[in-house]
Amino acid sequence: MGNSTSRLYSALAKTLSSSAVSQHQDCLEQPDSARLDPIDPKDLLEECQIVLQKRPPRFQRNFVDLKKNTVTNHRPIRVMQWNILAQALGEGKDNFVQCPMEALKWEERKCLILEEILAYKPDILCLQEVDHYFDTFEPLLSRLGYQCTFFPKPWSPCLDVEQNNGPDGCALFFLKDRFELINSANIRLTAMKLKTNQVAIAQTLKCNETGRLFCIAVTHLKARTGWERFRSAQGCDLLQNLKNITQGAKIPLIICGDFNAEPTEEVYREFSNSSLNLNSAYKLLSPDGQSEPPYTTWKIRPSGECRHTLDYIWYSQHALNVNSALGLLTEEQIGPNRLPSFNYPSDHLSLVCDFSFNQDPDRLL
């Protein structure tokens, strides 16, 4: 490892406490000011791969071109949505009976997460179940050029786990050289007029290349069967907030989230039929453009195997075009023990889409 790479390694190693980096202790004693220096993403990816050298290689996923003779005069905006699995929940609450505890070690699992992010190079990154924001994601991603925002759950279940790393929540990251922050709102969702434990972040950004405004939001709705009406109420509250933020849909909108809801649920229909004129980007991967993927999460718990479609990227369909979307892992790739695994760090699949603005900015939504 060269000197410049060794200095970079200290940035990653400062967020690790495993034997995987013990042989590089000489790199750990760096002044705090080094944390402020930019990081070359290629170098950080290389360092992650060093930590992961005993693990299987990352799965190959391909982008599906969805352009329909669309001509754009600007670079696409790549948006990544991912429930990364809170470390405290993965180790202490979720009971993935077919996943070895060794596969969940944070020192390596975090490098799998970073490797996935670095491989797809999102302009905007929306994450759920983030419980290592301050010691991992904010320090590293800010040095990669992202502006970072975190909003924890008021009563995170992570806090019930011994040796937790604090509450989990939603996090939103965007590249500062591509966008300017115009407005930011942290939203604690309500249901039946009562504040709940679920949250959202909504930010209005200006695209530096086009001057166009758009709103990006990230959320994570209430989990588990039996809470369908609760999720519906949370969805209505989020939609109302977003209507206000987007001035009644005058500003284009992208919403990323783990909705914990199948397409058959009421909250899904609320988003589909909203006056915000939203469509679900991953429907476009289906032959008719009308069906969601068969799964975005696949796990095995003591109660049995769970395969569900819960994660979505919604967008203003008359203001934005979906140029491409990242294909999902196949059943063969996922394997019989399902997720998470030594190959893949979360029980949810990441979703990635490339968006472009409609060329007629005055077209009604």
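Residues numbered from 1 in each chain as written. Predicted model: local features only at pLDDT ≥ 70, side-chain atom pairs only at ≥ 80, totals over all residues. Heavy atoms only, no water.

1. Overview of the sheet that holds strand 9 (residues 253–258)
And step 1. With mixed pairing, the six strands of this open sheet are ordered in space as 6-7-8-9-13-10. Both edges of this open sheet fall to strand 6 (179–191) and strand 10 (278–280), since each of them pairs with a single strand only. Along the sheet, successive strands turn relative to each other by an average axial angle of 20°, direction set aside.
And step 2. When strand 6 meets strand 7 (residues 194–207), the two strands line up antiparallel, connected through eleven bridges. The residue of strand 7 that forms the bridge with Asn-183 is Thr-204. (Pairing = 2+ DSSP bridges. Helix = DSSP H or I, 4+ residues; strand = E, 2+ residues; numbered from the N terminus. Axes fitted to C-alpha atoms, helices over the stretch in contact; angles between N-to-C directions.)

2. With respect to unusual backbone geometry
Phi is mostly negative for residues that are not glycine, and the peptide bonds are mostly trans.
And step 1. A cis amide bond links Leu-339 to the next residue, Pro-340, at an omega of -10°.
And step 2. Of note, Pro-340 is situated in the loop between helix 8 (331–334) and strand 15 (351–357).
And step 3. With a phi close to 55°, Gln-163 is a non-glycine residue in the positive phi region.
And step 4. Topologically, Gln-163 is positioned in the loop between strand 4 (146–152) and strand 5 (169–175).
And step 5. Residue classification places Gln-163 among the exposed residues on the basis of a relative accessible area of 84%.
And step 6. Despite not being glycine, Gln-247 shows a phi value in the positive range, around 55°.
And step 7. Relative to the helices and strands, Gln-247 resides in the loop between helix 6 (228–245) and strand 9. (Buried < 20%, exposed > 50% of the residue type's maximum accessible area, 1.4 Å probe, protein only.)

3. Regarding the sheet that holds strand 15
And step 1. Taking strand neighbours across the sheet as the criterion, the seven strands line up as 1-14-15-2-3-5-4 in an open arrangement whose pairing is mixed. The sheet is open, and its two edges are formed by strand 1 (63–65) and strand 4, each paired on a single side. Between one strand axis and the next, the sheet turns through 20° on average, direction left out of account.
And step 2. Here strand 2 (residues 77–83) pairs with strand 15 via five bridges, running antiparallel. By the bridge assignment, Val-79 is partnered in strand 15 with Cys-353.
And step 3. Helix 4 (residues 106–120) contacts strand 1, strand 2, strand 3 (124–130), strand 14 (320–326) and strand 15 of the sheet and is inclined by roughly 160° relative to strand 2.
And step 4. Relative to strand 4, helix 5 (residues 133–143) is tilted by about 160°, and along the sheet it contacts strand 3, strand 4 and strand 5. (Contact = heavy atoms within 4.5 Å.)

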